[in-house]
Amino acid sequence: MVKKVLCTVMAGAMLVSMTAALSGCKRNNGPDGGDKAVEFVKQATGSDYATDIMLPELKDSELHIMMSLSYENIKKLDTEKNPQAQVQSTNIWKEVYGTDIVVDVVAESQQTEYLSTAVASGTSPDIIPANSMTFPLWSAKGLVADIDDEKFAAYFDLEDPVYNKELMDQFNFQGHPQWAVTSKPDFTYVIYNKTKFYLAGEKTPMDYYQQGSWTWSQFVKTAKAMTSGEDYGFNGWALFPYNSVYPMINLNDDGTVALNIDDTKYMSWMTEVYNFYQRDKAGRLDYNLQSWETTFPQGTDAMVITNLGHYERMVKVAKELEGDEFGIAPLPIFDKGGETERIVPASLWGYSISSGAQHPEAAATYIRLETMVSQNIKKAHPGYGYLDNVLTDEEKQMLEDTSTDKWFIEKILGIGDCYNIIDTKLVPPIYYNVNETSVQSEIDQVKPLLQAEVDDYNNDLRDRLAEAE
């Protein structure tokens, strides 16, 4: 399920942090300059990636970061060829400020309750995870600081062109940014078993992409052609309801949300997906699809949809097994919805600052530091890392050409119990079992449950705002 993937991605995701490098050594705090200033007078040391980074003096350099993965596990991933920005930044922090950063490990399922209690009791961590599982829920609960607050002005230069303004706008809450984002979202791609396609004599997804005919209609035909007996054309959970090319939920300007499940475009997507599994039988239709990351590199099934990080891991497994050769192509264009451009369901991980942060200046300083370290790592390790020797020149060109595709990030996962409702009530009858009813029937059964969660979220938000007046 998606949450399992998110837990795995967390280790590397903290390099997709916020804020940009600041030019100069002094920045005024406040919209009009004010008389408060931050002077960047301390040269960063303690890492090969500390070059050209200046840090401010801090009265209090204590810092707490809440995560679902222990720092020790992230540290294991840090190698000379694959440096982790969080590890390198932590080393710099210790060297410059003489302080160990405290990582508060809290399971994802307990983070909302933990953070709510911590903010109320004055014991909140300073930096907290920012992702589709936490937004907009934590903002609605008043747990996230607005990064355009003037107390952060010396650390967050939101006019810097390094910011991805389009992405930041998706994570505004009541007009205020909750994340400062400097990188593009994490896109997903079609990964295919090139060996299977060759043996079957079928054109690959990349062939169709290069011909300009890689659409949903062709994807279905290809998956059907690559399905034989218990070997399917497609595997995995990437077509689950919250991975649609259209949103399940819309965020309003006032922070309230509206269920979008009756939208004609969303229903057109779900109808196509339902038919793909239930009528065309082109996707693996059993609970074993949950094991795709293990079975696919072993040669089971023809296509999956995932990101570059998972592709790298699967290629490494296949190489160890001396198994099949794999290829990569973009997602198909959803022509059945009338689309002529690709729409990519994306994801992003980063940091927010807790509204109850005990050390907000340290939090802002650290986020700026890790962003600059990430930039230095990218300069020292350009390209696609391990995949540089795996991707063909045509595939690298494809990644570049599709980097500006339309995308969006689903927000329903951060609303009440919606994620659990979808995964336990809507997913099983469509993706695990033969279903002789209809997609409309299945959606009609879960819609009241999802709407109740949306109503609770909106009512709680309005009550909190009323109390604050």
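Look above for the structure.
The model shown is predicted, which means the values in this text are computed figures rather than measured ones.

So what's going on with the overall build of the protein chain? Which residues, and what values?
When helices and strands are counted, the protein chain shows 16 helices and 16 strands. In terms of overall dimensions, the protein chain is globule-like: its C-alpha atoms have a radius of gyration of 23 Å, near the 23 Å expected for 469 residues. One way to put it: in the protein chain the 39 positive side-chain charges average out to a point 3 Å from where the 70 negative ones average out.

Just give me the short version of the nonpolar core, but keep the residues and values in it.
L239, F276, M303 and Y431 are the most contacted members of the largest nonpolar core, which totals 100 residues. Considering every element that reaches this core, the biggest residue donor is helix α15 (residues 418–432), with nine residues. Counting residues in hydrophobic clusters, the runner-up holds 38 residues, among them I53, A85, I92 and I377.

Can you explain the pairing of strand β13 (residues 326–329)? Please cite residues and give values.
By the alternation rule, side chains of β13 split into F326 and I328 and G327 and A329, which are all buried. Of the strand pairs in this sheet, strand β9 (residues 189–193) and β13 are connected by four bridges, and their pairing is antiparallel. Looking across to β13, one finds that Y192 is bridged to G327.

Go over unusual backbone geometry, please, and point to the residues and values.
Here F135 and P136 are connected by a cis peptide whose omega angle stands at 5 degrees. The backbone of K281 sits at a positive phi, close to 55 degrees, despite the residue not being glycine. Within the secondary structure, K281 is located in the loop between α10 (264–278) and α11 (292–295).

A description of the packing of α15 against helix α16 (residues 439–468) should follow, citing residues and the corresponding values.
At a minimum axis distance of 10 Å, the contact between α15 and α16 shows a crossing angle of 170 degrees. The angle between α15 and α16 places the two elements in the roughly antiparallel class. Residue-level inspection shows C418, I421, I422, K425, L426, P429 and I430 of α15 in contact with α16, the latter providing V439, E442, I443, V446, L449, L450 and E453.

How would you sum up the side chain of Q111? Please name residues and give values.
With respect to the helices and strands, the residue Q111 is situated in helix α4 (residues 108–121). Excluding residues that lie within four positions of it along the chain, Q111 makes contacts with M66, M67, S68, V106, P129 and W138.

Reading the values: rules and limits
- Residues numbered from 1 in each chain as written.
- Predicted model: local features only at pLDDT ≥ 70, side-chain atom pairs only at ≥ 80, totals over all residues.
- Heavy atoms only, no water.
- Helix = DSSP H or I, 4+ residues; strand = E, 2+ residues; numbered from the N terminus.
- Rg over C-alpha atoms; globule rule 2.2 N^0.38 Å.
- Lys, Arg positive; Asp, Glu negative; His and termini not counted.
- Charge placed at Lys NZ, Arg CZ, Asp CG, Glu CD.
- Core = buried A, V, L, I, M, F, W, Y, C linked by side-chain atoms within 4.5 Å.
- Buried < 20%, exposed > 50% of the residue type's maximum accessible area, 1.4 Å probe, protein only.
- Pairing = 2+ DSSP bridges.
- Axes fitted to C-alpha atoms, helices over the stretch in contact; angles between N-to-C directions.
- Parallel < 35°, antiparallel > 145°, perpendicular 65-115°, else oblique.
- Contact = heavy atoms within 4.5 Å.

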